[in-house]
Amino acid sequence: MERVVIVTGANSGIGLALCERLLTEDVQLRLCLACRNMQRAEAARAALLTSHADAHVDLLHLDVGSMKSVLDAAQEVKTRYRKVDFLYLNAGIMPNPQVNIGAFFKGLLSRNAIRMFSTAEGLLTQQDRLNADGLQEVFATNLFGHFLLIRELEPLLCQSSHTSRVVWTSSSNASHSAFSMEDIQHRNGTEPYSSSKYASDMLSVALNRQKNSQGLFSSVICPGLVMTNLTYGIVPSFFWTLIMPIMYLIRVFTNTFTISPYNGAEALFWLFLQKPESLDPRAKYHSLTSALGRNYVQPQQMDVDNETPEVLFAKLLELENFVKKNDHVGYI
Ligand SMILES: NC(=O)C1=CN([C@@H]2O[C@H](COP(=O)(O)OP(=O)(O)OC[C@H]3O[C@@H](n4cnc5c(N)ncnc54)[C@H](OP(=O)(O)O)[C@@H]3O)[C@@H](O)[C@H]2O)C=CC1
Ligand SMILES: CC(C)CCC[C@@H](C)[C@H]1CC[C@H]2C3=C(CC[C@]12C)[C@@]1(C)CCC(=O)[C@@H](C)[C@@H]1CC3
């Protein structure tokens, strides 16, 4: 039976590179590109079909930042497919990023320089805003929309007859200190991206605890630093081009500079090939590229305790109920 794979944010960057790699591995897949912009989705589909003419590539309209769109898309998935084998939760945003140049140069001269290059800890802030549902946009896009999607697709993901997988594209920028259980949407801080990625790490741990027995397995990856629209939003592409030789030099010291979307998708692709029972539910799987350009995957334990993931899960369920009850915009 053909495997059904859904990828959110599949029209560019790491998501699109993953799709390309999945079709190279198994052209029999039913691959569904879940995107908010159908013109970009069509272009991505056309590009994939150029190299894989016989592939089955479906398009699904999904804006993960809009709760109505998530509910409609989930309904559509339920009418199209009888099961979902892989759900890649890859769509993500980092709006209005600001680099703290002072902290960058200070960090450069410190013993933590390598760590700074792989996590950007203390370097980046963003300006978030409310979306039409009244939720913080970064939280809604990077985390909550995906949570709601999983919940709506549970009948297809949690089937005793077979195992299903969800895979989160998280980040090494996920940080415990940026997240607060009293402010899960990060309304009051300046690091909504770090907060949302840390929340996705915790949610994955909670999902494994609650759903493994129903055949659903969740994993988390970090693609490393990859040149995509997201990073071109931090500093412009000409600047990245200018410092590219330095980037390759830094790769000698940290293998987290994967740079190309193909390399960045390594851990996502690797997980596709693994048996879920062999995976560590508390690990983040990192895409890494050596100085000589060899790609590999390494697990790292996540900075997540035993109790907090369950608390977050309960809060997300509460918010889900609230959103569904108040289906008017701007009420939350
Ligand atoms: N690049 C990097 O260095 C790193 C990236 N990541 C993560 O990787 C993931 C992919 O990002 P990347 O490939 O780098 O960047 P891109 O901007 O190229 O890709 C992001 C994708 O998400 C889509 N997207 C954004 N918002 C929504 C939404 N509301 N609904 C549906 N789709 C949406 C974008 O669609 P559209 O084209 O319409 O904007 C795009 O297809 C993100 O989760 C990001 O946080 C993690 C660590 C490092
Ligand atoms: C302008 C300065 C002279 C040079 C600044 C360099 C920074 C822009 C980069 C250094 C480490 C980078 C980094 C990321 C973004 C760009 C840097 C801050 C990420 C936060 C991108 C998204 C992720 O999720 C992380 C894994 C990246 C970590 C490293």
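Looking up the protein chain in an unreviewed UniProt entry gives the name 3-keto-steroid reductase/17-beta-hydroxysteroid dehydrogenase 7, with the organism given as Gouania willdenowi. Under the UniProt heading Subunit (unreviewed entry), the entry covering the protein chain gives this text: "Binds to the short form of prolactin receptor." As its UniProt record puts it under Sequence similarities (unreviewed entry), the protein chain is described as follows: "Belongs to the short-chain dehydrogenases/reductases (SDR) family. ERG27 subfamily."

A. Examining the site of ligand 2 more closely. Inspection of the region around ligand 2 gives 16 residues, with Phe117, Leu124, Ser171, Tyr193 and Ile234 positioned closest. Contacts to ligand 2 include Ser171, whose side-chain N or O atom sits 2.5 Å from an oxygen atom. One of the side-chain N or O atoms of Tyr193 is found 2.9 Å from an oxygen atom in ligand 2. Considered on its own, ligand 2 offers 620 Å² of accessible surface; in the complex 91% of this is hidden by protein. Those elements giving two or more residues to the shell around ligand 2 turn out to be α4 (101–108), α5 (113–119) and α10 (237–250). The element that contributes the greatest number of residues to the shell around ligand 2 is α5, accounting for three residues.

B. Expanded view of the packing of helix α6 (residues 137–152) against helix α13 (residues 308–325). In the contact formed by α6 and α13, the axes pass within 11 Å of each other and the chain directions differ by 80°. One way to sum up the angle between α6 and α13 is to call them roughly perpendicular. Contacts between α6 and α13 involve Phe139, Leu143, Phe144, Phe147, Leu148, Arg151 and Glu152 on the former and, on the latter, Phe313, Leu316, Leu317, Leu319, Glu320, Val323 and Lys324. Of the residues belonging to the contact of α6 with α13, the class tally is 10 nonpolar, no polar and four charged.

C. Region of interest: the confidence of the model for the protein chain. Across the protein chain, the average pLDDT comes to 96, with 98% of residues at or above 70. Both scores are given for the predicted complex: the pTM is 0.97, the ipTM 0.98.

D. A look at unusual backbone geometry. In the Ramachandran plot, Asn96 falls in the positive-phi region, its phi being about 45° despite a non-glycine side chain. A relative accessible area of 44% means that Asn96 is categorised as partly exposed. Here His186, not a glycine, exhibits a phi torsion of approximately 60°, which is positive. Locating His186 in the fold gives a position in the loop between β7 (164–169) and α8 (192–211).

Each value, and the rule that gives it
- Residues numbered from 1 in each chain as written.
- Chains lettered and ligands numbered in written order.
- Predicted model: local features only at pLDDT ≥ 70, side-chain atom pairs only at ≥ 80, totals over all residues.
- Heavy atoms only, no water.
- UniProt positions renumbered as here; feature names shortened; annotations may be inferred.
- Near = heavy atom within 4 Å.
- Polar contact = N/O pair within 3.5 Å; in protein donor to acceptor, adjacent residues only side chain to side chain.
- Areas by Shrake-Rupley, 256 points an atom, 1.4 Å probe, with all protein chains shown as cover.
- Helix = DSSP H or I, 4+ residues; strand = E, 2+ residues; numbered from the N terminus.
- Axes fitted to C-alpha atoms, helices over the stretch in contact; angles between N-to-C directions.
- Parallel < 35°, antiparallel > 145°, perpendicular 65-115°, else oblique.
- Contact = heavy atoms within 4.5 Å.
- Nonpolar A, V, L, I, M, F, W, Y, C, P; charged D, E, K, R; others polar.
- pLDDT = per-residue confidence, 0-100.
- Buried < 20%, exposed > 50% of the residue type's maximum accessible area, 1.4 Å probe, protein only.

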